[in-house]
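Coordinate inspection notes
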Amino acid sequence: RVNRIEDGIDKAVSSLMWLACFVGFLMMAHITLDVTGRVLFYHPLIGTIEVASSYYMVAVAYLPLAHVSRGDGQIIVELFTRNLAPGRILRIDAVINVITMIYMLVFAWYTTEVAIEMTHEGELGELGAGYFWVWPSRWLLPLSFWIMAFYLALRSVRDYRKAAEA
């Protein structure tokens with residue numbers, strides 16, 4: 001049963017990373033079309049900056065959070081821990097993961113509340129010629145933070161197990 005949970009979380013982490021890559025590609029294509037239209041035809045696409053900042057950048061910045069942690073891509077300072085035994089380092093890592101998970105849970109809870117509120121209000125962004133829905137992008141943050149929190153919980157358990165074996 002634990003392996004199914006681990007596999008599910010790993011699949012969710014990978015899926016969010018692939019989604020972020022796809023959205024990054026869409027952003028590049030959209031901006032390229034906007035610049036091409038502006039330079040060659042003197043007619044830019046309306047709302048490129050608004051859509052990029054409300055959707056594309058949010059997805060590219062937040063969806064890969066858990067993937068970065070899975071690959072140890074975050075900054076780690078080993079000034080005080082480089083000479084410690086591997087088991088002790090794993091225990092420290094597990095504690096740090098729990099602390100980070102608590103932060104992620106707070107962020108997830110708060111951003112979920114905001115997303116619910118903005119969904120009920122039907123949050124809109126302004127374009128040159130009208131309006132567009134912004135509220136769906138509000139759900140990208142809670143999704144990212146909840147997955148990150150679950151991943152950190154899983155990783156803490158793994159680190160504690162490895163520390164006990166070491």
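See the structure shown above.
For clarity, every value in this text was computed on a predicted model and none was experimentally measured. (Residues numbered from 1 in each chain as written. Predicted model: local features only at pLDDT ≥ 70, side-chain atom pairs only at ≥ 80, totals over all residues. Heavy atoms only, no water.)

1. Focus on the nonpolar core
Within the largest apolar cluster, 26 residues are counted, with the highest numbers of intra-cluster contacts made by Val13, Tyr56, Leu63, Ala66 and Met104. Elements supplying a minimum of two residues to this core: helix H1 (2-41), helix H2 (48-62), helix H4 (86-121) and helix H5 (140-165). Considering every element that reaches this core, the biggest residue donor is H5, with 8 residues. Ignoring anything within four residues of it in the chain, the contact list for Leu63 reads Leu16, Leu19, Ala20, Val58, Leu140, Leu143 and Ser144. (Core = buried A, V, L, I, M, F, W, Y, C linked by side-chain atoms within 4.5 Å. Buried < 20%, exposed > 50% of the residue type's maximum accessible area, 1.4 Å probe, protein only. Helix = DSSP H or I, 4+ residues; strand = E, 2+ residues; numbered from the N terminus. Contact = heavy atoms within 4.5 Å.)

2. Things to note about the environment of Ala85
As for its position among the elements, Ala85 is in the loop between helix H3 (65-70) and H4. For the pair Ala85 and Ser137, spaced 52 residues apart in the sequence, the C-alpha separation amounts to 44 Å.

3. Description of the pattern of salt bridges
Enumeration over the complete set of coordinates arrives at 5 salt bridges. Two residues, Glu6 and Arg158, come together in a salt bridge whose shortest N-O distance is 4.0 Å. Taken as a pair, Glu6 in helix H1 and Arg158 in helix H5 lie far apart in primary sequence, 152 residues in all. Judged by relative accessible area, which is 25%, Arg158 ranks as partly exposed. Overlapping salt bridges, with partners in common, bring together Glu6, Asp10, Arg70 and Arg158 in one network. (Salt bridge = Lys/Arg side-chain N within 4 Å of Asp/Glu carboxyl O.)

4. Some points on the packing of aromatic side chains
In the structure shown here, the tally under the stated rule is 6 aromatic pairs. Between Tyr55 and Phe132 the ring centres are 6.4 Å apart and the planes differ by 45 degrees, which places this aromatic pair in the tilted class. Of this pair, Tyr55 sits in helix H2 while Phe132 sits in strand S2 (residues 131-133); the two residues are 77 residues apart in sequence, bridging distant segments of the chain. Residue Tyr55 is classed as partly exposed on the basis of its relative accessible area of 22%. (Phe/Tyr/Trp six-rings, centres within 6.5 Å; stacked < 30°, edge-to-face > 60°.)

In short, geometric facts, not functional conclusions.
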